[in-house]
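# Residue-level structural notes
So the chains spell out like this:
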Amino acid sequence: MGPLDTLWHLLNFFAPALGVGLLAPAMAKLLWRRRLKPVAWLSLSLWTTAAAAAALLGGLVAFGRDGRMETYALLVLGSGAALWWAGFGRAR
């Protein structure tokens, strides 16, 4: 496998984390407009993407391969928890 193939594999592996990390904070900012107004979207997005990427890596280590439904469930729970913590739980 060459370097370009490796790059594509990494990008495709982290694509779900990036998708959830960009869309979930945008929807949360729309849903809780007044409560999340002081919190920057970029901050919410970074925390959510990091948690989702950690969930994907944890699933890869735990199960030995990616794409398992348990990994995606962990991705949703982890990114939701990070989004809540970054938006509502963290002391400002």
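Below or above, wherever it landed, is the structure these notes cover. (Residues numbered from 1 in each chain as written. Predicted model: local features only at pLDDT ≥ 70, side-chain atom pairs only at ≥ 80, totals over all residues. Heavy atoms only, no water.)

## Thoughts on the nonpolar core
Put simply, the rule is: Within this scheme, the nonpolar core is defined by two criteria: the residues are buried Ala, Val, Leu, Ile, Met, Phe, Trp, Tyr or Cys, and they are joined through side-chain atoms within 4.5 Å. Here's how the labels work: a residue is buried when its accessible area is under 20% of the maximum for its type, exposed when over 50%, partly exposed in between, all with a 1.4 Å probe on protein chains only. Secondary structure elements are defined from DSSP: runs of H or I of at least 4 residues count as helices, runs of E of at least 2 residues count as strands, and each element is numbered from the N terminus. Every residue pair with non-hydrogen atoms within 4.5 Å of one another is taken to be in contact.
Phe-13, Ala-17, Ala-52, Ala-53, Ala-55, Leu-56 and Leu-75 together form the largest nonpolar core, which totals 7 residues. Counting only elements with at least two residues in this core, the list comes to helix H1 (3-31) and helix H2 (41-63). In terms of residues, this core owes the most to one element, H2, which gives 4 residues. Once you skip the residues sitting within four places of it in the chain, Ala-53 turns out to touch Phe-14 and Ala-17.

## Description of H1
Note the cut-off: Expected helix span is taken as 1.5 Å per residue step, with the number of steps being one fewer than the number of residues. A residue's bend is the angle separating two fitted axes: one through the seven residues that end there, the other through the seven that start there.
Spanning 29 residues, H1 covers 42 Å between terminal C-alpha atoms, matching the ideal 42 Å at 1.5 Å per step. At Ala-15, H1 shows its largest kink, close to 40°, and the proline Pro-16 lies no more than four residues downstream. Of all the positions in H1, only Phe-13, Ala-17, Gly-21, Pro-25 and Ala-28 are classed as buried. Each element contacted by the buried residues of H1 is listed here: H2 and helix H3 (69-89).

## Points about the side chain of Ser-79
Within the fold, Ser-79 resides in helix H3. On the accessibility criterion, Ser-79 (5% relative accessible area) is buried. When neighbours within four sequence positions are excluded, Ser-79 is seen to be in contact with Val-20, Thr-48, Ala-51 and Ala-52.

## A few points about H3
Because each turn of an α-helix spans 3.6 residues, side chains separated by three or four positions in sequence point in the same direction. Here H3 contains 21 residues, and its C-alpha end-to-end distance of 28 Å stays within 8% of the 30 Å for a straight helix at 1.5 Å per residue. Contacts made by the buried residues of H3 are with H1 and H2.

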